[in-house]
Amino acid sequence: MINYTERIALLMQDIVRRTPNLSFIDLSEVLVFARFGRSDADGAYATCHCLTLPESEPGYFYWRDRTTGELTRRSEWFVTKSPVVRVGHTSVKYLISFVLPRFCDQTLQRSRKAHLYPGAPGWLAKLDTVVHELYHIDPEETGIRRFMRADGTDSMRSHGPLFYEQVAEMTKQYLASNPDPEMYSFLRHDFNQLTELHGGVIATTFKNFPSFPQRYMQRLEMPPAECGVRIEPLKPLTQPIVYTEDDLYTRQFTGSRTNRLRNDEGRAA
Ligand SMILES: [Zn+2]
């Protein structure tokens with residue numbers, strides 16, 4: 001079977017090596033994993049998740065009476081934090097997720113980037129997406145290049161006016177640098193072709209799949225700001241706040257579902 005996230009990670013190494021604009025990226029601090037998403041549903045193909053965002057300012061949720069506008073309830077104080085992901089001795093700074101099988105079926109046809117690649121084969125959309133996610137990594141190490149949402153995922157607003165053009169430029173530059181076609185040839189095939197060619201598609205996921213490391217709210221011991229207002233406890237955490245290599249599992253993806261591989265072969269490196 002083809003390990004799709006492993007192939008993407010190897011391709012990323014080659015891209016970073018050959019692309020001066022991305023050469024600052026230390027890929028040992030970047031972890032590639034897969035999420036599930038059908039090809040016939042709308043949604044992202046891939047996402048860059050930053051784990052180095054600072055803790056938020058303390059805050060709380062509150063509820064007001066609709067007629068009087070008076071504060072009726074509020075939550076406990078909390079801060080929003082990023083989970084820790086460690087592989088061996090390395091702290092992971094970015095996670096890049098690819099949505100399977102949707103990403104494998106991505107093509108330039110009818111995509112917003114088609115005009116950047118006139119006459120190019122459809123699979124180039126996937127190479128473009130890989131470069132795109134790498135380009136979100138901020139050289140200043142402050143998070144996601146340009147803007148981001150509070151939860152650390154990138155939003156449409158993290159794309160400046162030239163973002164797509166710059167990504168297309170780097171993608172073409174990479175191909176012009178004469179890389180070994182073996183590095184990217186797996187992108188030529190859609191999901192069904194890959195399954196047929198390799199007998200299956202497997203990928204790194206987190207143990208708590210379909211979840212993965214995400215920003216979480218941590219309760220703070222702070223005196224209530226107002227008297228006489230009911231305080232709602234925060235929901236208890238349901239996901240880990242520290243992940244290690246033991247939390248990585250290889251799963252097989254099919255067009256409509258995923259299966260975890262048996263434990264002995266299922267641990268990802
Ligand atoms: Zn983006």
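Check the entry above for the structure.
Everything in this summary refers to the structure shown in the same document. Just so we're clear, the structure is a prediction, and the values are computed from it rather than from any experiment. (Residues numbered from 1 in each chain as written. Predicted model: local features only at pLDDT ≥ 70, side-chain atom pairs only at ≥ 80, totals over all residues. Heavy atoms only, no water.)

Further remarks concern the overall build of the protein chain. The secondary structure content of the protein chain amounts to five helices and 15 strands. By residue count, 47% of the 269 residues in the protein chain fall in the buried class. Across the protein chain, every contact between residues at least 6 apart in sequence was considered, and the portion connecting residues at least 24 apart equals 75%. For the protein chain, the accessible surface area stands at approximately 14400 Å², while carbon and sulfur atoms represent 50% of it. (Helix = DSSP H or I, 4+ residues; strand = E, 2+ residues; numbered from the N terminus. Buried < 20%, exposed > 50% of the residue type's maximum accessible area, 1.4 Å probe, protein only. Contact = heavy atoms within 4.5 Å. Areas by Shrake-Rupley, 256 points an atom, 1.4 Å probe, with all protein chains shown as cover.)

The subject of this paragraph is a nonpolar patch on the surface. A cluster of nonpolar residues, Val84, Leu237, Ile241 and Val242, forms a patch on the protein surface that exposes about 280 Å² of accessible area. Inspection of the secondary structure assignment puts Ile241 in the loop between strand E12 (230-232) and strand E13 (242-243). Ile241 gets classed as partly exposed once you look at its relative accessible area, which sits at 31%. (Patch = residues over 30% accessible without salt bridge, like charges linked within 9 Å, V, L, I, M, F, W, Y side chains within 5 Å. Salt bridge = Lys/Arg side-chain N within 4 Å of Asp/Glu carboxyl O.)

Let us look at the packing of aromatic side chains. As enumerated under the stated definition, the model contains 14 aromatic pairs in all. Summarising the aromatic geometry, the rings of Tyr60 and Tyr62 are spaced 6.4 Å apart at their centres and angled 70 degrees between planes, so their arrangement reads as edge-to-face. By relative accessible area, Tyr62 is classed as partly exposed at 47%. Each ring, one from Tyr60 and one from Trp77, has its centre 4.8 Å from the other, and the planes form 85 degrees; the classification is edge-to-face. Within this pair, whereas Tyr60 is found in the loop between strand E3 (46-50) and strand E4 (62-64), its partner Trp77 is found in the loop between strand E5 (71-75) and strand E6 (78-81), the two being separated by 17 residues in sequence. According to the relative accessible area criterion, Trp77 is buried, its value standing at 15%. Positioned above the aromatic ring of Trp63 is the side chain of Arg73, whose terminal nitrogen or guanidinium carbon lies 4.3 Å from the ring centre. (Phe/Tyr/Trp six-rings, centres within 6.5 Å; stacked < 30°, edge-to-face > 60°. Lys NZ or Arg CZ within 6 Å of the ring centre and 35° of its normal.)

It is worth spelling out the sheet that holds E3 at this point. Pairing is mixed in the open sheet, where three strands are placed in the order E2-E9-E3. A strand with exactly one partner marks an edge of an open sheet, and here the two such strands are strand E2 (30-37) and E3. Each strand of the sheet is rotated relative to its neighbour by a mean of 25 degrees, with strand direction disregarded. Two strands pair when backbone bridges link them, and E3 and strand E9 (residues 94-101) are joined in this way by five bridges, in the antiparallel orientation. What sits directly across from Cys50, in E9, is Tyr94. On the sheet, helix H1 (residues 4-18) packs against E2 and E9 and is oriented at approximately 140 degrees with respect to E2. (Pairing = 2+ DSSP bridges. Axes fitted to C-alpha atoms, helices over the stretch in contact; angles between N-to-C directions.)

The biggest cluster of nonpolar side chains holds 50 residues, and the ones touching the most others in it are Tyr4, Phe98, Leu100 and Leu134. Among the elements of the structure, H1, E2, E3, E9, helix H2 (124-135), helix H3 (163-176), helix H4 (191-198) and strand E10 (201-206) are those that each provide at least two residues to this core. Excluding its chain neighbours within four sequence positions, the residues that come into contact with Phe98 are Ile8, Met12, Val32, Phe33, Ala34, Arg35, Tyr45, Ala46, Phe103 and Val130. Among the nonpolar cores identified, the runner-up in size contains 10 residues, and Leu31, Val85, Leu95 and Phe206 belong to it. (Core = buried A, V, L, I, M, F, W, Y, C linked by side-chain atoms within 4.5 Å.)

A regular strand places its side chains on the two faces of the sheet in alternate fashion. Here E4 runs beside E5; their pairing, made up of three bridges, is antiparallel. Its bridge partner being in E5, Trp63 is matched across the sheet by Arg73. Looking at chain direction, E5 and E12 are connected through three bridges and run parallel. Within the sheet, the bridge partner assigned to Ser75 lies in E12 and is Glu232.

For the structure shown, the criterion picks out 11 salt bridges. Note that Arg38 is salt-bridged to Asp40, the shortest N-O span being 3.3 Å. In this structure Arg38 comes out as partly exposed when scored by relative accessible area, which is 40%. We classify Asp40 as exposed; its relative accessible area is 64%.

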